[in-house]
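As a plain string of letters, each chain reads:
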There are 6 protein chains.
Amino acid sequence: MNNGFKQPAPEGWVEILWTAIAEDLGSGDPTTALFDEDQAVNWYIETQAEGVICGLGIAAYLFQPEADEPESCQVDIHARDGDFVKPGTTILSGRLTPAKLLTKERTGLNFLMQLSGVATLTHQFVQKVANLSVKIVDTRKTTPGLRYLQKYAVRCGGGTNHRMGLYDGIMLKDNHIRAAGSITEAVNKARSVAGHMTLIEVECESQEMVDEAYKAGAQIIMLDNMDPFLMHDIVKQYKGKVVLEASGGITLDTVRGVAQTGVDAISVGALTHSAKSLAMHLEVN
Amino acid sequence: MNNGFKQPAPEGWVEILWTAIAEDLGSGDPTTALFDEDQAVNWYIETQAEGVICGLGIAAYLFQPEADEPESCQVDIHARDGDFVKPGTTILSGRLTPAKLLTKERTGLNFLMQLSGVATLTHQFVQKVANLSVKIVDTRKTTPGLRYLQKYAVRCGGGTNHRMGLYDGIMLKDNHIRAAGSITEAVNKARSVAGHMTLIEVECESQEMVDEAYKAGAQIIMLDNMDPFLMHDIVKQYKGKVVLEASGGITLDTVRGVAQTGVDAISVGALTHSAKSLAMHLEVN
Amino acid sequence: MNNGFKQPAPEGWVEILWTAIAEDLGSGDPTTALFDEDQAVNWYIETQAEGVICGLGIAAYLFQPEADEPESCQVDIHARDGDFVKPGTTILSGRLTPAKLLTKERTGLNFLMQLSGVATLTHQFVQKVANLSVKIVDTRKTTPGLRYLQKYAVRCGGGTNHRMGLYDGIMLKDNHIRAAGSITEAVNKARSVAGHMTLIEVECESQEMVDEAYKAGAQIIMLDNMDPFLMHDIVKQYKGKVVLEASGGITLDTVRGVAQTGVDAISVGALTHSAKSLAMHLEVN
Amino acid sequence: MNNGFKQPAPEGWVEILWTAIAEDLGSGDPTTALFDEDQAVNWYIETQAEGVICGLGIAAYLFQPEADEPESCQVDIHARDGDFVKPGTTILSGRLTPAKLLTKERTGLNFLMQLSGVATLTHQFVQKVANLSVKIVDTRKTTPGLRYLQKYAVRCGGGTNHRMGLYDGIMLKDNHIRAAGSITEAVNKARSVAGHMTLIEVECESQEMVDEAYKAGAQIIMLDNMDPFLMHDIVKQYKGKVVLEASGGITLDTVRGVAQTGVDAISVGALTHSAKSLAMHLEVN
Amino acid sequence: MNNGFKQPAPEGWVEILWTAIAEDLGSGDPTTALFDEDQAVNWYIETQAEGVICGLGIAAYLFQPEADEPESCQVDIHARDGDFVKPGTTILSGRLTPAKLLTKERTGLNFLMQLSGVATLTHQFVQKVANLSVKIVDTRKTTPGLRYLQKYAVRCGGGTNHRMGLYDGIMLKDNHIRAAGSITEAVNKARSVAGHMTLIEVECESQEMVDEAYKAGAQIIMLDNMDPFLMHDIVKQYKGKVVLEASGGITLDTVRGVAQTGVDAISVGALTHSAKSLAMHLEVN
Amino acid sequence: MNNGFKQPAPEGWVEILWTAIAEDLGSGDPTTALFDEDQAVNWYIETQAEGVICGLGIAAYLFQPEADEPESCQVDIHARDGDFVKPGTTILSGRLTPAKLLTKERTGLNFLMQLSGVATLTHQFVQKVANLSVKIVDTRKTTPGLRYLQKYAVRCGGGTNHRMGLYDGIMLKDNHIRAAGSITEAVNKARSVAGHMTLIEVECESQEMVDEAYKAGAQIIMLDNMDPFLMHDIVKQYKGKVVLEASGGITLDTVRGVAQTGVDAISVGALTHSAKSLAMHLEVN
């Protein structure tokens, strides 16, 4: 059964969905009085640009008819999260009473358009590094309240998730290193409090830092804002011994160059903090 | 007392803030174990691009020291929501224990960067129509959960808010008109159920629709996806008799041309659904 | 399909309903142990006084059988919110297991009786001004937590809603005027921050204030606690130019006299802050 | 320290208070832009009718200045919940910035006026039975969401609380008796599942029912809709052996007659479902 | 219809259930990607030790298939809360997609194992006092968040509930007595504020205290940490005049001796604060 | 500043604390009426058994005086989470009004006693494996609603946390392996969807499974219910190449034997599902 979601699906979206509906509805939509509650209409959502769809499962859930609506009402899913589609593709359609449709239309589109925007931008980055063995990963620079959904959208676009938050992975930055006295001390202390299944990453800005982090036992090393030549040297020394992640202002224009240094992963904040919505609209016929 | 906010401030942001913190913290940040809880550090947030700041009140609230932190801890606000600043401007600074700083840093920046992105894009549109008597207004195409905050950011950027949601204004679209039988019927029915302080807007796509909407008593008329010449004609006939709002895919490139037709307002969905984050970072010194 | 509601229905009542059920149930009803969970009974709710019904949609939702109840269970709706009924009218009936019925009975009646009380009182005011072209409108003097529901009850009783809250309309009172320096200044400032679809009302206590408010561009003028002769004079001058709303301690005895001055609307706080419940009871047969 | 509350204070009101504020504020009050945020004003709340005050603790909490308001701001409590006051009494006063005052004024008054209405009506019933040893008790016919607060208002007015809900006392009605087969069976079954500190009351409509309930071990007997002569007879037989509670449509006109039968308690639904608000207003000086 | 619950069922568990699921799922289970969402499997839960089952209704609710799962999915209940079962008993079985099963398995078992642990320990205490007319009652020493559920488990194990919390019964302890001046004063004051259906218990540590509490009108007397001989004397004097409850460190080894003194009830904190889980596991076949 | 917590502290406990207070308080404690609200008392919490303290930070937060309590009120922390203390140790003391103390006492003790119980049991396991290089780790068999707190208690007792939930680590069990076809397939598929910082553990019951899991790239191998000789053999082959975790019904009696096989970690469900409370009480002096 196609429920629109790409597995593993995100958690917690039902609550966010109703929050968004509440924002829009407030005390209610007075125009619902214009409609006969027994007269349903056919509707569909169509893309107006090409890109990767994300949010179909959420929208399908939202537009499903409630118990007191006419029996002819239903919802049909024509794609799946993660599908790349052309402009003019019908991705979701159904039949619903106009009063309900109007109270759901904008919110449903807002989810679809913004998550598809993240998936599409991720897909563009992934396309840029085609044939290279590198992962495009996201960051914690997500929209407040939408982290799980945006990270799901990244997966739909072909990207990989970095840690979800502060709780499921350890990233040691300059602050930690300064507080502990050295990279070695920081890694040791972190290891002593880390949970049983927690990896340690160290943010490094120089060859020396990378060397110390590797010796201290870091499992991932972030090459932060390094120039490609230095990255390339480090990759030559450490490839296969530790996971190497490039980070820092990488764009669609520069990502392939960074990937060619041989790093294992490239993290891109823009995937979630600066993606444009994918255009689509809901029509009644 | 400068609390960072531009009045009228948005409501409900405290809840969203803690939701975002919870997303990031989950079960907790194990690296807090690396820090001495009595040793505070100085920090500041600096812009890395030029734009209009929004979210300072939220960030100032977030970074304020809690009751059990050292007495030297505090937060200082160096700007106000709505200020246009250059790259390299320190907009917020303070003193906090590193453990707390780390659990707040990313979330604080996420709010500041994304709201400032909306304010900055709005400001760019407003700049484009300088010296013309037209308002740049937002839409309901907002990020789920952030509507009030994004609409506040639009105000900070010099824009004006359209209705907040379905509840505080009536917009009659093709669906309403079809259900009622005609624009005239739709406006009449809407008026009969409208609250005491509710305005009615009709979405029109032709001269005929505008004529009928005006006669029916619509108080605002949306000129939806019209070409500028038709808009110009309509403005000549109706300016001052009814509020005229242009809408439909208007960009930074096209907005001045649309404004020159003489419409009263131009609504732009991109303000909230496709703004890029404004770059900034938090440093410890 | 009659779901009991009068459109446009209020929003957010499901949450309030479960809050009320939780208040009543607490840790549970020990007397449910007296009943056989497979043996359902027939029940009905009957009015014990005449009035306008409100809350049927909520009650019908509440008394609908849950998934694990016998198949014979159901709920039947015999009226619609807004109907005026005689004492002894069966407005809702059904079949349910006694254990469930007992845990829902009191809460269901509390909603029906109190909302019908508001609708009935509103109806009485509306009847008093029959044949006069004036609207009876409510205020913000509502019961905490029940604003949307009470304002819905006002609509069911034939009244019209004033603004829902501080957010969807601007009312300028003495405080605002004093702060701004004058009515003119207050209206100008309010206009400059008002959203795109927001009306401005000014509370006036004298002819001079009305004159200034009108000139400043107020769209609604409240005649606050004015004597009927002054009201009548003002109506003669301003009828049709601006919306005129009478307010201040108006009762069932005085409302017709106020209406005869020709004002467009009369706002009555008592509709929501002092309505008596409409008597009704639930019987099992 | 007078915090306005009468002990034992109700629980859970802080949440309801913020719910009410949220209902009123929605996306925010645009008129706050008219006020200078550093310029506070003096305000006071004055009664406009005589009655028993309730809700002072809540209102005092609401109007207390927040951390970012000028230092001169404060709140002063001039009475205590449960005080009987004359019209024109100042019960609360303070100093606050106008923007904050406006966003709190209506909600604060709504709580004070409605809870004082309940306390005042209770007080009127209590006065009617002066010098008689009988308690005026409330019922479960409360306003959804306000049960604890209304039951607190009843205590402030000199009344006594019946059970809070289905959970803290057992009331056996016709449904229970029918299901169990007899009053005796119902009481026995209830006793077997009752908690360790739970009393059992039986609703009786005849002498025979009272006799059986007493023999079965009921600890409280409700005399439901009985005529005063029968009540009087039953009191003669059972006074001191079991608690006797009169119930059913008792009004201010009839309550003294009922009390004179010698019953221990009289329950009155109107205390909470049909009390009028006590008039009061907030003024700035 | 067997829904697994023993009536009267606890309230509020649905919320706790979803809280627990959220704790476990967080941002989601990545391993769901390994399963075909259309291919369901058969599962069952089997006890691994003997004891009293509790939580079946909750688990049955949790494992029921959601709307988008294959039609073959279902859940079967093979026992009822309160049943005593042998090791190796299948208590619940069903058919579900593996992805859903994995996200529910641990939480379902956690509820079943811990509530069955409480029910089993209660049962062991009840067995120890077989043939004696004494109730085993619980205390307020419950696990935070699980009070209603644990008190329900006590009922399933054959125990009786003491008060649910501070709100539904009055227990006067040394603090109350000291503040009031004497037991007599404390009981009088408590009676004056007590609700209409509230019993008063006094905690006593000596013969003198018991005497005074009885005279003051206490309805229940707790014999706190008394030696059995003194308890026995007090029982001889007061049996049938007042409810006598023994309390204080009573174990499975000592409970029968305490019961033989003739007290009416024995309260045991360990029922809820120190019960071991009942072992069981979920298998797929 | 000692705030009682051991870093890294758990998240989310404030909400659980107030849930627990609400469970206990319900509609309120009527006995607060017995106390003078201006007269505070001194109190302290004393252990009645030896063990490791956990929950001091929570209790200190709970018992801190509120704004309207007398100035003499305060709270003093005499230990820190993770301290091992003797019976009779005062761990927390303070001064508070009796009304507040009574509404907080039971809940504060419930948290302290139950979390200290988990910490103490963990400590006992850790002591048993003294001088051996092995970690005692917890499981997902936690009390619903208390996972983060119980896992914190495990850390306080000297244990290490396994994954927090399904979201922050991948554990492949028989279900996954069957669905994927083989261990190798399961690990490959899991790796392809795993986040950037996620480790993979495979549950193995035989030498063959361990061999395949290692080859497939599992980073942790669980030796599930294996006999110690087999474990010992596997440790000899794989020590240092992969993390080895023993699991399955390990008790205080058997844990040292298991540790002596040389495994890296031993997971024990009983730490969180079957710990007894640590006895302590609150006294007023």
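Residues numbered from 1 in each chain as written. Chains lettered and ligands numbered in written order. Predicted model: local features only at pLDDT ≥ 70, side-chain atom pairs only at ≥ 80, totals over all residues. Heavy atoms only, no water.

1. Things to note about the side chain of F:Asp24
Spelled out, the test is: Runs of E in the DSSP output that reach at least two residues are strands. Runs of H or I that reach at least four are helices, and both are numbered from the N terminus. In this description, contact between two residues means that some pair of their heavy atoms is separated by no more than 4.5 Å.
Examined against the element boundaries, F:Asp24 turns out to sit in helix 1 (residues 13–25). Other than its neighbours up to four places away in sequence, F:Asp24 contacts E:Arg140, E:Arg147, E:Gly165, E:Leu166, E:Tyr167, F:Arg106 and F:Thr107.

2. Points about the environment of B:Leu230
With respect to the helices and strands, B:Leu230 occurs in helix 8 (residues 228–238). Here the alpha-carbon distance between B:Leu230 and B:Ile177, two residues 53 residues apart in the chain, equals 22 Å.

3. Considering the sheet that holds strand 5 (residues 90–96) of chain A
Residue and element names in this part refer to chain A. Basically, it comes down to this: When DSSP finds at least two bridges between two strands, those strands are taken to pair. Here the axes come from fitting lines to C-alpha atoms, over the contacting stretch only for helices, and the angles between their N-to-C directions go from 0 to 180 degrees.
Read across the open sheet, the four strands follow the order 3-5-1-12; overall the sheet is antiparallel. Looking at which strands have only one partner, the edges of the open sheet turn out to be strand 3 (74–77) and strand 12 (280–284). Along the sheet, successive strands turn relative to each other by an average axial angle of 15°, direction set aside. Helix 3 (residues 98–128) rests against strand 1 (41–47), strand 5 and strand 12 of the sheet, and its axis sits at about 160° to strand 12.

4. Some remarks on the relation of the copies chain C and chain D
The condition that has to hold: Copies overlap after least-squares fitting; the atoms used are the C-alpha atoms of residues with pLDDT of at least 70 in both.
Between the two copies, chain C and chain D, the superposition gives an RMSD of 0.0 Å; the rotation angle is 180° and the shift along the axis is 0.0 Å. What the superposition gives is, in effect, a two-fold axis relating one chain to the other. Identified as the residue of chain C closest to the rotation axis by C-alpha distance is C:Gly145, at 3.4 Å.

5. Overview of the packing of aromatic side chains
As a reminder of what qualifies: Whether two aromatic rings pair depends on their centres lying within 6.5 Å, for rings of Phe, Tyr and Trp, where Trp uses its six-membered ring; planes under 30 degrees apart make the pair stacked, over 60 edge-to-face, and the rest tilted.
Per the stated rule, a full pass over the model turns up 39 aromatic pairs over all chains. Members of the aromatic cluster, each reached through a chain of ring pairs, are A:Phe5, A:Trp13, A:Trp18, A:Tyr61 and A:Tyr152.

6. Focus: the packing of helix 7 (residues 207–216) of chain A against helix 8 (residues 228–238) of chain A
All names here are of chain A. Stated precisely, the cut-off is as follows: Comment on the angle field: the value is read as roughly parallel under 35 degrees, roughly antiparallel over 145, roughly perpendicular from 65 to 115, and oblique elsewhere. Handedness of each helix crossing follows the sense of rotation of the near helix against the far helix: counterclockwise by less than a right angle gives left-handed, clockwise gives right-handed. Gly is put with the polar residues, along with every residue not named as nonpolar or charged; the nonpolar set is Ala, Val, Leu, Ile, Met, Phe, Trp, Tyr, Cys and Pro, and the charged set is Asp, Glu, Lys and Arg.
In contact at an axis separation of 11 Å, helix 7 and helix 8 are set at 25° when each is read in the N-to-C sense. The angle between helix 7 and helix 8 falls in the class roughly parallel. Read as a crossing pair, helix 7 and helix 8 show a hand that is right-handed. Seen from helix 7, the contacting residues are Gln207, Val210, Asp211 and Tyr214; seen from helix 8, they are Leu230, Ile234, Gln237 and Tyr238. A class-by-class count of the residues in the contact of helix 7 with helix 8 yields five nonpolar, two polar and one charged.

7. Concerning the interface of chain A and chain C
What counts is decided by this rule: Using a 1.4 Å probe, buried area is obtained as the accessible area two parts lose upon being combined, added over both of them. The rule for a salt bridge is simple: a side-chain nitrogen of Lys or Arg has to be within 4 Å of a carboxyl oxygen of Asp or Glu. Polar contact is defined as a pair of N or O atoms within 3.5 Å, subject to the rule that within protein one atom must be able to donate a hydrogen and the other to accept it, and that residues adjacent in sequence are counted only when both atoms are side-chain atoms.
Residue-level contacts link 15 residues of chain A with 11 residues of chain C. When the buried area of chain A at its contact with chain C is split by residue, A:Ser27, A:Glu37 and A:Asp68 rank highest and sum to 51% of it. Applying the counting rule to chain A against chain C returns one salt bridge. The partner of C:Arg80 in a salt bridge is A:Glu37, and the shortest N-O contact between them spans 3.0 Å. Where chain A touches chain C, the interface holds two residue pairs in polar contact (both at pLDDT 80 or more). The residue makeup of the side of chain A that touches chain C, split by class, is six nonpolar, four polar and five charged.

8. Quick look at the pattern of salt bridges
Our working definition: Between buried and exposed lies partly exposed: a residue is buried under 20% and exposed over 50% of the maximum accessible area for its type, with that area taken using a 1.4 Å probe on protein chains only.
Scanning all chains against the criterion turns up 54 salt bridges over all chains. Across the pair A:Asp264 and A:Lys239 runs a salt bridge, and its minimum N-O distance is 3.2 Å. With A:Asp264 in the loop between helix 9 (255–259) and strand 11 (265–267) and A:Lys239 in the loop between helix 8 and strand 10 (243–247), this pair connects stretches of sequence that are 25 residues apart. Exposure remark for A:Asp264: the relative accessible area of 23% places this residue in the partly exposed category. For A:Lys239, a relative accessible area of 40% gives the class partly exposed. Here D:Arg147 ties to C:Asp24 by a salt bridge, and the two come within 2.5 Å at their closest N and O atoms. Of the two residues, D:Arg147 is situated in helix 4 (residues 147–156) and C:Asp24 in helix 1 (residues 13–25); the pairing between them involves two chains.

Note that every value here comes from positions in space, so none of it alone points to a role or purpose.
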